[in-house]
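# Descriptive structure summary
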Amino acid sequence: MNTKIKKIVGFFRQHKYVQLVLILVIIVLLVLIIPRVYVPKPVITGVVSTNKEDEKNHITGQMVTIQGKKLDNTVAVYVNNQWNKDCIIVSNASDAVLVRLPEYYIQDSETAYTIQLQTKANGEYFSKSNKYTIYVRKE
């Protein structure tokens, strides 16, 4: 065995309190990290406007349907990596969320926005979806 490893092992054998502190730190890290790994991640697969003539991802109205999986309990909409309280969640289900965009996103020229949804799994655990690009313009 390497002499450095022997010194480290010898140190831990002599100092039992260090072993205890190290074990407690590992347990706390596991309690904090493991639940976050198993929180179901929502997935956005498409965004359509409530206007039937719009193409997928090209939005001209304020009401949009975000399609995907595991969208139950959606609590927030992020636009360009920032939470926007003005994006109102009208309704949600496991496969779709109806969102009302604020008027200031709808401009004369087509503008690209990256959206994400945040869902609440339980208690204090939240999960963000994948990023999805939409193109918004006035009718």
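Just so we're clear, the structure is a prediction, and the values are computed from it rather than from any experiment.

## Here's the deal with the pairing of strand β7 (residues 96-100)
Each regular strand displays side chains that alternate between the two surfaces of the sheet. Every second residue of β7 is oriented toward a common face, the buried set being V97 and V99 and the non-buried set A96, L98 and R100. Two elements, strand β3 (residues 63-69) and β7, share five bridges in a ladder whose sense is antiparallel. By the bridge assignment, V64 is partnered in β7 with V99. Of the strand pairs in this sheet, strand β6 (residues 88-92) and β7 are connected by four bridges, and their pairing is antiparallel. Bridging across to β7, N92 finds its partner in V97. In this antiparallel pair of consecutive strands, β6 and β7, the connection spans three residues.

## A word on the environment of G68
With respect to the helices, strands and loops of the structure, G68 is situated in strand β3. For G68 and S94, which are 26 residues apart along the polypeptide, the C-alpha to C-alpha distance reads 7.7 Å.

## So, the side chain of T111
Mapped onto the fold, T111 is located in strand β8 (residues 111-122). The exposure class of T111 is buried, given its relative accessible area of 19%. Reaching out from T111, the side chain makes a polar contact with the backbone oxygen of S109 at a distance of 3.3 Å. Every residue in contact with T111, bar those within four places of it in the chain, is listed here: I134, Y135 and V136.

## Describing unusual backbone geometry
For N73, which is not a glycine, the phi torsion comes out positive at approximately 60 degrees. Along the chain, N73 turns up in the loop between β3 and β4 (74-79). The exposure class of N73 is partly exposed, given its relative accessible area of 47%. The residue N80 is not glycine, and still its phi comes out positive at about 50 degrees. With respect to the helices and strands, N80 occurs in the loop between β4 and β5 (82-83).

## Points about the environment of Y38
Mapping Y38 onto the fold places it in the loop between α2 (16-37) and β1 (43-49). A relative accessible area of 66% means that Y38 is categorised as exposed. In this structure the C-alpha to C-alpha distance between Y38 and A121, which are 83 residues apart in sequence, comes to 9.8 Å.

Quick notes on the rules
- Residues numbered from 1 in each chain as written.
- Predicted model: local features only at pLDDT ≥ 70, side-chain atom pairs only at ≥ 80, totals over all residues.
- Heavy atoms only, no water.
- Buried < 20%, exposed > 50% of the residue type's maximum accessible area, 1.4 Å probe, protein only.
- Helix = DSSP H or I, 4+ residues; strand = E, 2+ residues; numbered from the N terminus.
- Pairing = 2+ DSSP bridges.
- Polar contact = N/O pair within 3.5 Å; in protein donor to acceptor, adjacent residues only side chain to side chain.
- Contact = heavy atoms within 4.5 Å.

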